[in-house]
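Now for the letters of each chain:
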Amino acid sequence: MAESAAVRVGVAGWDYPDWKGILYPARKPRGFDPVRFLARFLDVIEINSTFYHPARAEIVQRWARRVEDLQDFRYTAKLWRRFTHERKTAWSLADVKAVTDGFDVLNKAGRLDAVVIHFPWSFRNERSSREWLADLIKTFDQYSLVVEVRHASWNQVEFYEWLRERGVGLVNVDQPLFSKSIKPSVRSTRQTGYVRVHGRNFTDWFRQGAGRDARYNYTYEAHELESWADRAEQIAADHVTDKVEVVFNNHYKAQAVVNAIQFKHLLTGDPQPAPAMLFSHYADALENHAFPVDEANALVI
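Small disclaimer: the values here were computed from a predicted structure and weren't measured. (Residues numbered from 1 in each chain as written. Predicted model: local features only at pLDDT ≥ 70, side-chain atom pairs only at ≥ 80, totals over all residues. Heavy atoms only, no water.)

Visitor: Which residues make up empty space enclosed by the protein, and what values do they have?
Guide: Going through the model one piece at a time under the given rule, you end up with one cavity of 30 Å³ or more. For the largest cavity, the calculated volume is near 40 Å³. The wall of the largest cavity is formed by T50, P54, A55, W80, A98, V99 and F103. (1 Å grid on protein atoms, 1.4 Å probe; cavity = no way out; pocket = protein on both sides within 12 Å on 5 of 7 lines; lining within 4 Å. Points joined across faces, edges and corners; volume = space filled by probe spheres on them.)

Visitor: So what's going on with the layout of surface pockets? Which residues, and what values?
Guide: By volume, the largest pocket amounts to about 440 Å³. Lining the largest pocket we find 19 residues, and of these H118, R150, W205, R215 and Y216 sit closest to its centre. Taken together, the residues that form the lining of the largest pocket break down as eight nonpolar, six polar and five charged. Taken as a whole, the second largest pocket spans an internal volume of roughly 260 Å³. The wall of the second largest pocket is formed by G13, W14, D15, Y16, I47, N48, S49, Y52, I59, W63, R66 and R212. (Nonpolar A, V, L, I, M, F, W, Y, C, P; charged D, E, K, R; others polar.)

Visitor: So what about the packing of helix 8 (residues 222-237) against helix 9 (residues 255-268)? Which residues, and what values?
Guide: For the pair helix 8 and helix 9, the least separation of the axes is 9 Å and the interaxial angle reads 55°. Regarding the angle of helix 8 to helix 9, the classification is oblique. For the pair helix 8 and helix 9, the sense of crossing is right-handed. Residues A222, L225, E226, W228, A229, A232 and E233 of helix 8 lie in contact with helix 9, whose contacting residues are N259, Q262, F263, L266 and L267. Split into classes, the residues belonging to the contact of helix 8 with helix 9 amount to eight nonpolar, two polar and two charged. (Axes fitted to C-alpha atoms, helices over the stretch in contact; angles between N-to-C directions. Helix = DSSP H or I, 4+ residues; strand = E, 2+ residues; numbered from the N terminus. Parallel < 35°, antiparallel > 145°, perpendicular 65-115°, else oblique. Left-handed = near helix turned anticlockwise from the far one by under 90°. Contact = heavy atoms within 4.5 Å.)

Visitor: Could you give an account of the pattern of salt bridges, with specific residues and numbers?
Guide: Where side chains of opposite charge bring their charged atoms close, a pairing between them can arise. Going through the model one piece at a time under the given rule, you end up with 20 salt bridges. The salt bridge partner of R8 is D113, with a shortest N-O separation of 2.5 Å. Of this pair, R8 sits in strand 1 (residues 6-12) while D113 sits in strand 4 (residues 112-118); the two residues are 105 residues apart in sequence, bridging distant segments of the chain. Residue E165 pairs with R166 through a salt bridge whose shortest N-O separation is 3.6 Å. Residue class for E165 comes out exposed when judged on its relative accessible area of 64%. With relative accessibility at 39%, the residue R166 sits in the partly exposed group. The network of salt bridges with shared partners includes R8, R74, D113 and E245. (Salt bridge = Lys/Arg side-chain N within 4 Å of Asp/Glu carboxyl O. Buried < 20%, exposed > 50% of the residue type's maximum accessible area, 1.4 Å probe, protein only.)

Visitor: How would you sum up the nonpolar core? Please name residues and give values.
Guide: Counting 83 residues, the largest nonpolar core has L38, Y75, F248, V257 and L278 as the members making the most contacts within it. Once you skip the residues sitting within four places of it in the chain, F248 turns out to touch V9, G10, V11, A12, V197, L225, A256, N259, A260 and F263. V116, V173, Y194 and V247 belong to the second-largest nonpolar core, a separate cluster that totals eight residues. (Core = buried A, V, L, I, M, F, W, Y, C linked by side-chain atoms within 4.5 Å.)

Visitor: Help me get a handle on the packing of aromatic side chains, residues and values and all.
Guide: Tallying each qualifying case throughout the model produces 23 aromatic pairs. Plain terms: the ring middles of W14 and W63 are 5.6 Å apart, the flat faces sit at 90° to each other, and that makes the pair edge-to-face. Here W63 lies in helix 2 (residues 57-65) and W14 lies in the loop between strand 1 and helix 1 (34-39), a separation of 49 residues in the sequence. Its relative accessible area of 9% is what places W63 among the buried residues. Ring centres 6.0 Å apart and planes at 70° place the aromatic pair W80 and F83 in the edge-to-face group. Each member of the aromatic cluster is reached from another via a ring pair, and the members are Y16, W19, Y24, F32, F37 and F41. The ring of F51 has K78 lying over it, and the distance from NZ or CZ to the ring centre is 4.2 Å. The ring of W228 is capped by R231, whose NZ or CZ atom sits 4.5 Å from the centre of that ring. (Phe/Tyr/Trp six-rings, centres within 6.5 Å; stacked < 30°, edge-to-face > 60°. Lys NZ or Arg CZ within 6 Å of the ring centre and 35° of its normal.)

Visitor: Explain the sheet that holds strand 3 (residues 74-78) to me, and be specific about the residues and the numbers.
Guide: The sheet built from eight strands closes into a barrel, its strands ordered 1-2-3-4-5-6-7-8 with parallel pairing. Here the strands of the sheet are splayed against their neighbours by 25° on average, with no regard to which way each runs. Each of strand 1, strand 6 (169-174), strand 7 (192-197) and strand 8 (243-248) is contacted by helix 8, which is oriented at about 155° to strand 8, the strand it contacts most. Where helix 9 meets the sheet, its contacts fall on strand 1 and strand 8, and the angle it forms with strand 1 comes to roughly 170°. (Pairing = 2+ DSSP bridges.)

That is the geometry; function is a separate question.
Next up, the structure:
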């Protein structure tokens, strides 16, 4: 029987003002590096900023250098929203180059595990959408691609086979469920299995005018994560999968980090190290899953 793929657990993004004084020191000491700090406790960071604007090559080089000695740590990155949320006009070669200039650096360094093509709920399984996605896959086929769709119209065996034929992964999603929201799944359509966990704040998820913090303000109870731990292990056991990324995106006030640490405990059965300050803020959530580690020691990896 084939050995199961490795499961990497992490969070989306690392630079949030509301993490100060909860996860990061309120006054960061000289030389403090939030990426290396997180890498002490987690396995992967999904780069969130690339969704809002492409990253310049010199910036990406710094991202790669800061973890070059951490053998098992990886990044994933979200594709620029120009390609997923701004679809009224066709993209240009300049748009593509702006993305690839940065991603190529991280890919060449062996640190880019996947590029996340994330579409909104409004992106439905229609001919124009399928054509758009097909062109997008061809444009960025030099990367390991995973696609996140949120509308239930995509939940079709034909679509999953279509992804498999093109070597593109499917993102299994946990999100607040609406009438036509795609439900949690256990699917792997290529070597990279992917799970994105957004929280279940139904009240604010679809509320007009709700900001990003409100939508992602949710802490999972441990029992809510158990089914996802089972799903991640099932994806890892699929013969087509050689790695699985589980990324928590319920980032408000570092709740994603709390749940990621809990999740690692559920997968391994071993209590996990947690930053002492985070532990003190979320003691009830973490006490049965983790043990506190002094932040000063966590800076030395």
